[in-house]
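Fold and contact review
The primary structure of each chain is shown beneath.
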Amino acid sequence: MTARVRTMSLDQQITSEPALARLVAEAEIGAAPPDDDVPLYAPRRKIYPQSVRGTFRNVKWAVLVVTLAIYYLLPFVRWDRGPNAPSQAVLIDFPNRRFYFFSIEIWPQEVYYLTGLLILAAIVLFLMNAVAGRVWCGYLCPQTVWTDLFFAIERLVEGDRREHMQRDSRNWTVETYVRKGIKHSLWLFVAWWTGGAWVLYFADAPTLVKELATGTAPFIAYAWIGILTVTTYFLAGHMREQVCLYMCPWPRIQAALTDEFALNVTYRYDRGEPRCSAKKAEQLRAHGQPAGDCVDCLQCVHVCPTGVDIRGGANLGCIQCGLCIDACDAIMNKLGRATGLIAYDTDLNIKERLEDKQPFYKPVRLRTVLYAAIIAVVGGVMLYTLATRDSEGMSVIHDRNPMYVRLSDGSLRNGYTIRIVNKQLKYRDFIIRVDGLPSTLIDFVGLPPRADGRQLVTVGPDQTKEVRLVVTDYSTTPPAASTSILFKLIDIDSGQTAEVRDHFFGPGQ
Amino acid sequence: MAEEHKEIDPITGTPTTGHEWDGLRELNTPLPRWWLWLFYITIIWSVGYWIVYPAWPLLTNSTQGVLGYHTRSAVAEDLDGLKQQRGPMVEKLATASLASIVVDPQLLEFARAQGRVAFADNCAPCHGAGGGGAKGYPNLNDDDWLWGGKLADIEQTIRYGARAGDDKGRSGLMPAFGRDNILKPNEISAVADYTRSLSGLPTEPGIDLGLGKKLFADNCAVCHGPDGKGNRETGAPDLTDKIWLYGADKQIIVQGIQNGRGSVMPAWGGRLSESTIKALTVYVHTFGGGEK
């Protein structure tokens, strides 16, 4: 029982009698006991989507085949990088802290490329939404693709909508159990394969397949296969549209992002209403009375994978997969009416047509131009940084204790720990120069000089190397408390350089 | 359970338990069912826990559990695993000669890593975290060594210490010239001034350096050398360079001559393992001041 209490500030005076009466009335209405019978959650209706043929169904099949083929087969694609690197085209190598994508190799400190990729993904999603609504949800989202695959398996084993519903509504027979058993086995098989493909991205695929088959793979591989099997089986087989309706944040964001010009799967009620049976519509038309094209056959509802009636207008549950368009077009063809009663359109155009104006499409708008511009800029920056990515680098850490050392002849020395990065897949020799002090001597501790007196630091392929470097200032005039100096790393073969600024400390004046 | 007491409290609308004390009725607000079941499951789980792990205290011991798990043995196992993992490298470090360690990049890296930890644990309290030293404790980064800066010298100093009572250790004391009445106060002052002049430091104006020079030759040169360059056999510092273990002020030098000097470094031979001593030697040598 809740009581809504109306508080009033003291300075707010009630001047007239009717106002007081109104407040009392409101307070009483507010205090009425709430209706406790309304359930907090809507019960789930089981959805039996009917099979359908048509343009959008074909597009969805094509997307399904292509995306799943990429997912399942990509780990087996080979890419020759030479003897010092793995030969898998796409590999997330956690033990060695590397990510390989064809000719690109990313180190952990370059994870900003991933940030750029995520920005690109988000803006591409926004652009798709601004042009043609929930293209991602309807065709590309993994939840949609796998659910579609699981629906196909279900129809294959348990029959199409009508057969499946009839069998479910009757008492279960042995055949029902057998069919359901086969369906769940197939689902589990697909789910298991999905998990199996997942782990292949994290290790050499052919080797891991062999290890998995012989039971010698690491425990973590089996664990991940198990996790992915369970999630795929439940998300695609059992939760289905519930994921889109309750778990996914994108429908909410999409609704806030969209505008009136974005194409959506739309029921053209200007054409469809008033709906009536085909026979009655003919009679009405014969008498010159208005009759809509919608014959209320409910095919659009029956094929919908989320159980939405598109004729109710734009809907959070509608993933805009276009299957209702295919279903409706098939009926319209049979009735000899024009197709496109349900089509990619806007509410704005329906209103235009109702007012006998020309419908219009406006794909080029401020937001689409802006999205495209952001994509171009972010993509361009990423391409540029990838193309000009340094294959060598250096970090310099000054000794913390002691900050400087005085030598017996009075000169000063500073110690540094230097880490040299070699991102090329071969051994490289580097020298280091220090600029900014009048007369310096640098010495790599523990590194014997070569015949020419130079100290070369050799760094292995795709590796880093830490060396200790001491810099001694022999100038007669003592340097300031802190002098800015420049470390220059030079590859002696290619001449490629990397520069880092640091400081040379002294006691000061 | 709830079926027995259908009485509803009129104010809150909650069923009561049927209990009544002086007109007060107890409301029945049971725990959520899911919570209760989780609670029951944890109770069942705990029974399994008693069987598998050490659980119940007994008079002198406790139940051991069928897994035979024990936190102490788990730590011991981890330590053993670590020893096994490092074993070959530690072995190599213990048997390799110092000269061969510094030219083997892999061994050098391992030695420096071991040395860094051992230095922080054992040496840093006196010599500073980076070996920077302090008054009376030598800076290990510079090129001025009291007892020698070659690998073998450093190893000997670490192993046997300085003035720590070990026969093989570094020994040699600066006598207390003033306290033992060898030099008079004015003579000490003259020697102190002469000592400062050796490294080009200003002396007190109008002083006769001749007296100091003569006293130095008579008393100090035996250890510090006729020209004050020091002697590593006795640990007598070079007085001509820019590095001062205790300080270059005249007052500090006078103190040293008056009372003598003789700070102690412990002998680490019996306390640290062979590989640790070698690692420390290499680590100190690679601060930057090590001699070839």
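Analysis parameters
The numbering scheme is per chain: residues are counted from 1 as the chain's sequence reads. Chain letters and ligand numbers both follow the written order, the letters beginning at A and the numbers at 1. Owing to the predicted nature of the model, reporting of local features is limited to residues with pLDDT of at least 70; listing and counting of side-chain atom pairs is limited to 80 or more, with chain, interface and lining totals taken over all residues. Counting from the N terminus, the helices are DSSP H or I runs at least four residues long and the strands are E runs at least two residues long. Throughout, radius of gyration means the C-alpha value; the globule benchmark is 2.2 Å times the number of residues raised to the power 0.38. Here the C-beta atoms are placed from the backbone, and a residue counts as buried if at least 20 other C-beta atoms lie within 10 Å of its own, exposed if 12 or fewer do, and partly exposed otherwise. By definition, residue pairs are in contact when their C-beta atoms, positioned from the backbone, come within 7 Å. A pair of strands is considered paired only if DSSP assigns at least 2 bridges between the two. Only the stretch in contact is used when a helix axis is fitted, and all axes are lines through C-alpha atoms; the angle between N-to-C directions ranges over 0 to 180 degrees. To define a nonpolar core, we join buried Ala, Val, Leu, Ile, Met, Phe, Trp, Tyr and Cys residues through C-beta atoms within 7 Å and take the resulting set. As annotated, the domain borders come from an automatic or database domain assignment. Only Asp, Glu, Lys and Arg are considered charged in this grouping, and only Ala, Val, Leu, Ile, Met, Phe, Trp, Tyr, Cys and Pro are considered nonpolar; every other residue, Gly among them, is considered polar. One fewer than the residue count of a helix, multiplied by 1.5 Å, yields its expected span. We call two directions roughly parallel when the angle between them is under 35 degrees, roughly antiparallel when it is over 145, roughly perpendicular when it lies between 65 and 115, and oblique otherwise. By the definition used in this description, the sense in which the near helix is turned from the far one sets the handedness, with an anticlockwise turn below a right angle giving left-handed and a clockwise turn giving right-handed.

Some words on the overall build of chain A
Helix and strand counts for chain A stand at 17 helices and 14 strands. By the compact-globule yardstick of 23 Å for 509 residues, chain A is too spread out, its C-alpha radius of gyration being 35 Å. Projecting the C-alpha coordinates of chain A onto the three principal axes gives extents of approximately 115 × 80 × 55 Å. For chain A, buried positions account for 24% of its 509 residues. Sequence-distant contacts in chain A: of pairs separated by 6 or more residues, those separated by 24 or more amount to 71%.

Observations regarding unusual backbone geometry
Leaving glycine out, the prevailing phi sign among residues is negative, and the prevailing peptide bond configuration is trans. Residue and element names in this part refer to chain A. For the bond from Glu 273 to Pro 274, the omega torsion is -10 degrees, close enough to zero to count as cis. For Pro 274, the position within the fold is in the loop between α12 (269-272) and α13 (278-286). Omega for the peptide link from Asn 401 to Pro 402 comes to -5 degrees, which places this bond in the cis form. The residue Phe 102 is not glycine, and still its phi comes out positive at about 50 degrees. Tracing the sequence through the fold places Phe 102 in the loop between β2 (98-101) and β3 (104-106). A positive phi angle is found at Asp 462, which is not glycine, with a value near 55 degrees. The topology assignment puts Asp 462 in the loop between β11 (457-459) and β12 (463-473). Residue classification places Asp 462 among the buried positions, given that 20 C-beta atoms sit within 10 Å.

Observations regarding the sheet that holds strand β1 (residues 90-93) of chain A
All names here are of chain A. In space, the three strands of this open sheet follow the order β1-β2-β3, with antiparallel pairing throughout. The two strands at the open ends of the sheet, each matched to only one other strand, are β1 and β3. Between one strand and the next, the sheet's axes are offset by a mean angle of 10 degrees, whatever the strand orientation. Summarising the sheet, β1 and β2 pair through four bridges and their orientation is antiparallel.

What to know about the environment of Gly 495 of chain A
All names here are of chain A. Position of Gly 495 relative to the elements: it lies in the loop between β13 (482-491) and β14 (497-505). The exposed category is assigned to Gly 495, around which 7 C-beta atoms lie within 10 Å. Separated by 65 residues in the primary sequence, Gly 495 and Phe 430 place their C-alpha atoms 9.2 Å from one another.

A short note on the nonpolar core
Residues and elements named next belong to chain A. Counting residues in hydrophobic clusters, the biggest one holds 36 residues, and the most contacted among them are Cys 300, Ile 310, Leu 323, Cys 324 and Ile 342. Contributions of two or more residues to this core are made by α4 (135-140), α5 (142-158), α7 (174-200), α9 (219-239), β4 (264-267) and α15 (323-335). For this core, the element with the most residues is α15, which contributes five residues. Taken domain by domain, this core gets at least three of its residues from each of domain 1 (55-255) and domain 2 (259-354). Among all residues touching Ile 342, those that are not within four sequence positions of it are Val 265, Thr 266, Tyr 267, Cys 300, Ile 310, Cys 324, Ile 325 and Cys 328.

What to know about the domain arrangement of chain B
Residue and element names in this part refer to chain B. On domain assignment, one finds that chain B holds domain 1 (88-167 + 266-285) and domain 2 (185-259). Once you take the C-alpha centre of each, domain 1 and domain 2 turn out to be 31 Å apart. Between domain 1 and domain 2, the residue contacts involve nine residues of the former and nine residues of the latter. Tallied by class, the residues present in the side of domain 1 that touches domain 2 amount to four nonpolar, two polar and three charged.

Considerations on the interface of chain A and chain B
Taken residue by residue, the interface counts 18 residues in chain A and 19 residues in chain B. Broken down by secondary-structure element, the contributors of at least two residues to the side of chain A that touches chain B are β7 (405-406), β8 (412-422) and β12 of chain A. Broken down by class, the residue content of the side of chain A that touches chain B amounts to seven nonpolar, five polar and six charged.

Side note on helix α1 (residues 33-52) of chain B
Here α1 of chain B contains 20 residues, and its C-alpha end-to-end distance of 29 Å stays within 8% of the 28 Å for a straight helix at 1.5 Å per residue. Burial analysis of α1 of chain B places just zero of its 20 residues in the buried class, which makes it a mostly uncovered element.

So, the sheet that holds strand β9 (residues 428-435) of chain A
Residues and elements named next belong to chain A. Spatially, the four strands line up as an open sheet ordered β11-β9-β13-β14, and their pairing is antiparallel. Two strands lie at the open edges of the sheet, namely β11 and β14, each paired on one side alone. Strand-to-strand, the axes of this sheet are offset by a mean angle of 30 degrees, without reference to chain direction. Note that β9 and β11 share three bridges and pair antiparallel. Bridging from a neighbouring strand, Asp 429 pairs with Thr 458 of β11.

Points about the domain arrangement of chain A
Residue and element names in this part refer to chain A. What the domain assignment reports for chain A is domain 1 (55-255), domain 2 (259-354) and domain 3 (392-505). Relative placement of domain 1 and domain 3: their C-alpha centres are 50 Å apart. Each side of the interface is counted separately: domain 1 has five residues, and domain 3 has four residues. Considered class by class, the residues forming the side of domain 1 that touches domain 3 number two nonpolar, two polar and one charged.

Digging into the packing of helix α2 (residues 55-73) of chain A against α5 of chain A
Residues and elements named next belong to chain A. Two elements in contact, α2 and α5, have axes separated by 10 Å at closest approach and are oriented at 110 degrees. Viewed along their axes, α2 and α5 adopt a mutual orientation that is roughly perpendicular. In contact with Lys 60, Leu 64, Thr 67 and Leu 68 of α2, α5 contributes Val 145, Asp 148 and Leu 149. Among the residues making up the contact of α2 with α5, the classes are represented as four nonpolar, one polar and two charged.

Comments concerning the pairing of β2 of chain A
The side chains of a regular strand alternate between both faces of the sheet. Residues and elements named next belong to chain A. Between β1 and β2, which pair antiparallel and follow one another directly, the connecting turn spans four residues, one of which, Arg 97, has a positive phi of 55 degrees. Note: β2 against β3, three bridges, orientation antiparallel. In the sheet register, Tyr 100 faces β3, and the bridge partner there is Glu 105. In this structure, the hairpin formed by β2 and β3 is closed by a connection of two residues, where Phe 102 is found at a positive phi of approximately 50 degrees.

Let's talk about the environment of Ala 221 of chain A
All names here are of chain A. Structurally, Ala 221 is set in helix α9. The class of Ala 221 is partly exposed, set by 19 C-beta atoms lying within 10 Å. When the C-alpha atoms of Ala 221 and Leu 366 are compared, they prove to be 48 Å apart, with 145 residues separating the residues in sequence. Excluding residues that lie within four positions of it along the chain, Ala 221 makes contacts with Val 199, Leu 208 and Leu 212.

Structural notes on the packing of α7 of chain A against α9 of chain A
Residue and element names in this part refer to chain A. Put simply, α7 and α9 touch, their axes get as near as 7 Å, and they point 135 degrees apart. Accordingly, the angle class assigned to the pair α7 and α9 is oblique. For the crossing formed where α7 meets α9, the hand is right-handed. When α7 is examined against α9, the residues Trp 187, Leu 188, Ala 191, Trp 192, Thr 194, Gly 195, Gly 196, Trp 198 and Val 199 are found in contact with a partner set consisting of Ala 221, Trp 224, Ile 225, Gly 226, Ile 227, Leu 228, Thr 229, Thr 232, Tyr 233 and Gly 237. Of the residues assigned to the contact of α7 with α9, the class counts are 12 nonpolar, seven polar and no charged.

Quick look at the environment of Thr 240 of chain B
As for its placement among the helices and strands, Thr 240 of chain B is situated in the loop between α9 (221-224) and α10 (250-259). Taking the C-alpha atoms as reference points, Thr 240 of chain B and Leu 201 of chain B, separated by 39 residues in sequence, lie 9.7 Å from one another.

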